[in-house]
Amino acid sequence: DSGIKRNFSGDTPEARRAALLPFVWSVFSQKGQIYGNRRLGSEAYVTNGFNVSYPGYNETLTGAADPRIDGNHRTKNPNVTVLEWLNRKPAFHGQVAAFAAWNLFPFILNAERAGFPINAGYEPFNELPEDPIMRLLNELKAESPHDWAEEPFDNLTFHTAFEYLKQRKPRVLYVSLGETDEWAHDGKYGEYLRAAHRADWYLRMLWETAQSMPEYRGVTTLVFSPDHGRGDGIDWRTHGRGTPDSKYIWMAFLGPDTAPLGERRKI
């Protein structure tokens, strides 16, 4: 793919990663912190042992692995996530929202119990019925190609969340994208890279928009991390128990309480 080589090539791994994720490697790396470069002795990994999405999201959002959550089953999460915990606090009640590509998120976040808006998959978002942009996004979700049964393309998920951010200004916004995982499983490496590049652009949009709004400027933290990794070499398409290296992830943090230490290494 000549476009992929032209846009994301470079003489060194550092040059290639900067081309792929320019916001991460120009802003997070200068003003925040990044963990997960194993060549530098910086290891970040999930501990659940299953290396698939639901166990990973549960671990990320609750702070602990749960052996009862051993796969991507449509079962309500018995654990309270940090989002639900925050929404129960008076200062945050009604100020939490979650938007996800994957339609399993109402189970992961236990929507019936959680008490805050959760929009996932192809479901329309009806919290802003008078907003014309949201109406258009809902129509596009219904009319766009459904390449994957469980989730739409990331642009629909992201812009739904982005519109909610601008309109309702929640204190906590959770956004989960899905294209990189889907394209990898499909073996489409070019689309996988393009999806990652778009995710980086979405991070930039979130950060720059937040810094332009008085409610968020100077008091907002941005956290970015996947739910699991992928295999090495020919196993890049897959992950799970049979792919031990897929436990490895990476994490990036940016905000006023995060010291600007850049890419971390084992000291």
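Anything mentioned here points back to the structure above.
Residues numbered from 1 in each chain as written. Predicted model: local features only at pLDDT ≥ 70, side-chain atom pairs only at ≥ 80, totals over all residues. Heavy atoms only, no water.

## Points about the environment of Phe 8
Here comes step 1: Turning to its location among the elements, Phe 8 is positioned in helix H1 (residues 2-8).
Here comes step 2: Remark: the alpha-carbon pair of Phe 8 and Ala 18, spanning ten residues in sequence, is separated by 8.4 Å.
Here comes step 3: Beyond its immediate stretch of four places on either side in the chain, Phe 8 contacts Arg 16, Ala 19, Leu 20, Leu 193, Arg 194 and His 197. (Helix = DSSP H or I, 4+ residues; strand = E, 2+ residues; numbered from the N terminus. Contact = heavy atoms within 4.5 Å.)

## A few points about the sheet that holds strand S6 (residues 251-254)
Here comes step 1: Read from one edge to the other, the open sheet built from four strands follows the order S5-S6-S1-S7, with strand pairing classed as mixed. Where the open sheet ends on each side, the last strands, each with one partner, are strand S5 (222-224) and strand S7 (262-263).
Here comes step 2: Two elements, strand S1 (residues 33-35) and S7, share two bridges in a ladder whose sense is parallel. From the neighbouring strand, Gln 33 faces S7, where its bridge partner is Gly 262. (Pairing = 2+ DSSP bridges.)

## A short note on the sheet that holds strand S3 (residues 118-120)
Here comes step 1: The strand order across the open sheet built from three strands is S3-S2-S4, with neighbouring strands paired in parallel fashion. Of all the strands in the sheet, just S3 and strand S4 (172-176) have a single pairing partner and so form its edges. Averaged over all neighbouring strand pairs, the angle between strand axes comes to 10°, with direction disregarded.
Here comes step 2: Looking at chain direction, strand S2 (residues 96-100) and S4 are connected through five bridges and run parallel. For Phe 99, the partnering residue across the bridge sits in S4 and is Val 175.
Here comes step 3: Lying on the sheet, helix H9 (residues 154-168) is in contact with S2, S3 and S4; it crosses S2 at an angle near 160°. (Axes fitted to C-alpha atoms, helices over the stretch in contact; angles between N-to-C directions.)

## Focus: the pattern of salt bridges
Where charged atoms of side chains with opposite charge meet at close range, the side chains can pair.
Here comes step 1: If you walk through the whole model with that rule in mind, you get eleven salt bridges.
Here comes step 2: Two residues, Glu 112 and Lys 76, come together in a salt bridge whose shortest N-O distance is 2.8 Å. Of this pair, Glu 112 sits in helix H7 (residues 111-114) while Lys 76 is found in the loop between helix H4 (53-62) and helix H5 (82-87), placing the two residues 36 residues apart along the sequence.
Here comes step 3: By relative accessible area, Glu 112 is classed as exposed at 68%.
Here comes step 4: The residue Arg 194 makes a salt bridge to Glu 191 at a minimum N-O spacing of 3.4 Å. Remark: Glu 191 and Arg 194 occur in helix H11 (residues 189-212); sequence separation between them is three residues, near one turn of the helix.
Here comes step 5: Glu 191 gets classed as partly exposed once you look at its relative accessible area, which sits at 27%. (Salt bridge = Lys/Arg side-chain N within 4 Å of Asp/Glu carboxyl O. Buried < 20%, exposed > 50% of the residue type's maximum accessible area, 1.4 Å probe, protein only.)

## Description of the pairing of S6
Here comes step 1: Here S6 shows a buried face lined by Ala 252 and Leu 254 and an unburied face lined by Met 251 and Phe 253.
Here comes step 2: The sheet contact formed by S1 and S6 spans three bridges and is antiparallel. Note on S6: the bridge partner recorded for Gln 33 is Phe 253.
Here comes step 3: Two strands pair when backbone bridges link them, and S5 and S6 are joined in this way by three bridges, in the antiparallel orientation. Across the sheet, residue Val 223 finds its bridge partner in S6, namely Phe 253.

Spatial relationships are all this shows, so hold off on functional conclusions.
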